[in-house]
Amino acid sequence: MKIKLYAVALITGLLFASCSQEDTASPELDTTNSQSSAVPKDIIKKLKALNFNTDGVEKREVTRPDGLTITSYMVEDDIFLSESQINEMSGAGVTNKQYRTYNLVSSPKTIRVLGYTAPSSQGLTAKQKNALTLAVENYNDLDISLDFSLSFGTDLANADIVVFQTPGAAGGVAGFPSNGNPYQYVQIFSGLEQYSLAVNEHVITHEIGHTLGMRHSDWFTRESCGRPSFGELANPSGSVHIPGTPYRYDSNSIMASCFSSNETGNFGEFDIVAFEYLY
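Report on the accompanying structure. This structure is a prediction, so every number in the text was calculated from the model and none was measured.

**Remarks on the overall build of the chain**
- Within the chain, the regular secondary structure consists of five helices and 13 strands.
- Residues counted as buried form 56% of the 279 residues belonging to the chain.
- About 10,600 Å² of surface is accessible on the chain, with carbon and sulfur atoms providing 48% of the total.

**Side note on the packing of aromatic side chains**
- Tallying each qualifying case throughout the model produces six aromatic pairs.
- With a centroid separation of 5.4 Å and an interplanar angle of 90 degrees, the aromatic rings of Y139 and F275 are classed as edge-to-face. With a gap of 136 residues between them, Y139 in helix 3 (residues 126–140) and F275 in helix 5 (residues 269–278) connect regions that are remote in the sequence.
- For F275, a relative accessible area of 0% gives the class buried.

**As for the nonpolar core**
- Of all hydrophobic cores here, the largest spans 36 residues; its most connected members are F148 and L212.
- For this core, the secondary-structure elements that each account for two or more residues are strand 7 (109–116), helix 3, strand 8 (146–153), strand 9 (161–166), strand 11 (185–189), helix 4 (197–211) and helix 5.
- Ranked by the residues each element gives to this core, the list is headed by helix 3, at five residues.
- The contact partners of F148, leaving out residues within four places of it in the chain, are I111, V113, V136, Y139, N140 and L212.
- Judged by nonpolar contacts, the second largest core, of 13 residues, contains L50, V57, I86 and F176.

What counts, and where the lines are drawn
- Residues numbered from 1 in each chain as written.
- Predicted model: local features only at pLDDT ≥ 70, side-chain atom pairs only at ≥ 80, totals over all residues.
- Heavy atoms only, no water.
- Helix = DSSP H or I, 4+ residues; strand = E, 2+ residues; numbered from the N terminus.
- Buried < 20%, exposed > 50% of the residue type's maximum accessible area, 1.4 Å probe, protein only.
- Areas by Shrake-Rupley, 256 points an atom, 1.4 Å probe, with all protein chains shown as cover.
- Phe/Tyr/Trp six-rings, centres within 6.5 Å; stacked < 30°, edge-to-face > 60°.
- Core = buried A, V, L, I, M, F, W, Y, C linked by side-chain atoms within 4.5 Å.
- Contact = heavy atoms within 4.5 Å.

Next comes the structure, spelled out in structure tokens:
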């Protein structure tokens, strides 16, 4: 998701909702915490076939709170995809502007969310913990077949989603579900501390949306990041439109690619329609 601020590209991250409130350009996701290298052409080809924006795709190494370092591809600034998941999605296609993948969470299910609080750079701040609490409340307020429980601590083994902090400018990073389970590790960049509680809530809600299978609602133009609208719509082999939601840019969507500094942290009308359709 990105944050759109005063005519400078600084950050992105899963995050997200509209930046239309400010008629300015946007910051790019900070990448100081990981390494990047050349992306194979066949990976780019598969991502294009799945209707991902392939500008700036990077191969990254990220160390998780469990100590494991994983290699994934960073797509659209805040989505991590492993090569195996890209291949899986390429085989299945991507389905039914809110958009989703075929990768969804099996339901009904209770999803155990852990706010990681180890006394290290990966532990959440007080503001991030409050924002995570509000984000989980956002999902529990939906009329869906997923329930969310929240705890704070270091018990990684009993968590379906772990939200942790990592050094960076602002924004966050997550991935898509696999084998009926949500993507487990959600990174929240330390630079969010300078933003309001509502912006932190927005970013975390956005990233959790990715873990449940939601794509960016403006993946086709990234209009929330200040880019022009090219009128591109979903392709049956890529992102699939969710019935009842707009086909074009929705400035109120929490799943838009970029976010502004005055977000409320709340779902837009069609975000609610999308989640309640899927689950």
